[in-house]
Amino acid sequence: MKKAALAIGAVLLAFFVFRACGEDTKDKARGTVKEFIERVRDGEGKEAVKLLYAPYRDALSQDFKLPIQLTEMKPSEVLACVLSSMGENIKRVKYLDVREIDDKHAEVLVKVIDREGVEKILAFIVIKDEKNWRIANISGIR
């Protein structure tokens, strides 16, 4: 009887340890997205850019077609300006769900409502890069 109780106790302990690890991943992924959105809302585009995974940041930066008068700006600086200006239009943000993909990836679903009342659901893919969590992709769901 004691062996059975010990076995059940060990199984429960393992369950709670693995569950706690998953919650930590979810909390950190949500925290990165929350910090990113707060930086954007506060007009701190340069700080928001730092939360992007480097390959994703570089891909976004390459999408900008710069007029000649702006070519002295680095692409990441232009991205920071765009992010800063986007924040002015955000009215409300609601964090809907966090889904752990694996121990280094998570998906965070966020509802953003702009000043005109338009709702958008965004999916943020967050990746653990060495010690920190970074945003590796942002896509609209609807």
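Structure's up top.
This one's a predicted model, so the numbers in the text were calculated from it and none came from an experiment.

**Q** Sorry, what's going on with the sheet that holds strand β3 (residues 119–129) here?
**A** Strands belonging to one sheet form pairs held by backbone hydrogen bonds; the direction of such a pair is parallel or antiparallel. Pairing is antiparallel in the open sheet, where 4 strands are placed in the order β1-β2-β3-β4. Edge positions in the open sheet fall to β1 (90–102) and β4 (132–140), since each of these has one partner strand only. Neighbour-to-neighbour, the strand axes of this sheet turn through a mean angle of 25 degrees, independent of strand direction. With 9 bridges connecting them, strand β2 (residues 105–114) and β3 associate as antiparallel partners. Across the sheet, the residue bridging to K111 is I121, located in β3.

**Q** How do you make sense of the pairing of β1 when you look at a structure like this?
**A** Two faces, one strand: in a regular strand the side chains alternate between the faces of the sheet. Of the pairings in the sheet, the one linking β1 to β2 comprises 10 bridges and is antiparallel in character. Residue pairing in the sheet places D97 in a bridge with L109 of β2. Between β1 and β2, which pair antiparallel in sequence order, lie 2 residues.

Reading guide: rules and limits
Residues numbered from 1 in each chain as written. Predicted model: local features only at pLDDT ≥ 70, side-chain atom pairs only at ≥ 80, totals over all residues. Heavy atoms only, no water. Pairing = 2+ DSSP bridges. Helix = DSSP H or I, 4+ residues; strand = E, 2+ residues; numbered from the N terminus. Axes fitted to C-alpha atoms, helices over the stretch in contact; angles between N-to-C directions.

Just distances and angles here, no functional claims.
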